[in-house]
Amino acid sequence: MESIRPDNTDPIPLRPAPNQFGTIMLRFVGLLAVAIAVLAFVYSR
């Protein structure tokens, strides 16, 4: 069998840009804060 090699030898990027990870973390922290606020509101009543 003949091995097929790509023309360029650049490494394949393992994950998207770090900006996407920051966006996911920001959403997670925001949702966590909202959930804590709702639980505190329900508990205080």
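What you see is a predicted model; the values in this text were computed from it and never measured.

(A) Representation of the overall build of the chain. The helix and strand tally for the chain stands at 1 helix and 0 strands. Scored against the burial criterion, the 45 residues of the chain give a buried share of 0%. Just so you have it, the chain exposes about 5,100 Å², and 68% of that area is on carbon and sulfur atoms.

(B) Broad picture of the UniProt feature "transmembrane region" (unreviewed entry) in the chain. With numbering matched to this structure, UniProt assigns "transmembrane region" (unreviewed entry) to residues 24-43. Taken end to end, residues 24-43 has its terminal C-alpha atoms 28 Å apart, with 100% of it in helix and 0% in strand.

(C) Highlighting a nonpolar patch on the surface. Together, F21, M25, F28, V29, L32 and I36 make up an exposed nonpolar region whose accessible area comes to about 620 Å². Examined against the element boundaries, F28 turns out to sit in helix 1 (residues 18-44).

Parameters at a glance
- Residues numbered from 1 in each chain as written.
- Predicted model: local features only at pLDDT ≥ 70, side-chain atom pairs only at ≥ 80, totals over all residues.
- Heavy atoms only, no water.
- Helix = DSSP H or I, 4+ residues; strand = E, 2+ residues; numbered from the N terminus.
- Buried < 20%, exposed > 50% of the residue type's maximum accessible area, 1.4 Å probe, protein only.
- Areas by Shrake-Rupley, 256 points an atom, 1.4 Å probe, with all protein chains shown as cover.
- UniProt positions renumbered as here; feature names shortened; annotations may be inferred.
- Patch = residues over 30% accessible without salt bridge, like charges linked within 9 Å, V, L, I, M, F, W, Y side chains within 5 Å.
- Salt bridge = Lys/Arg side-chain N within 4 Å of Asp/Glu carboxyl O.

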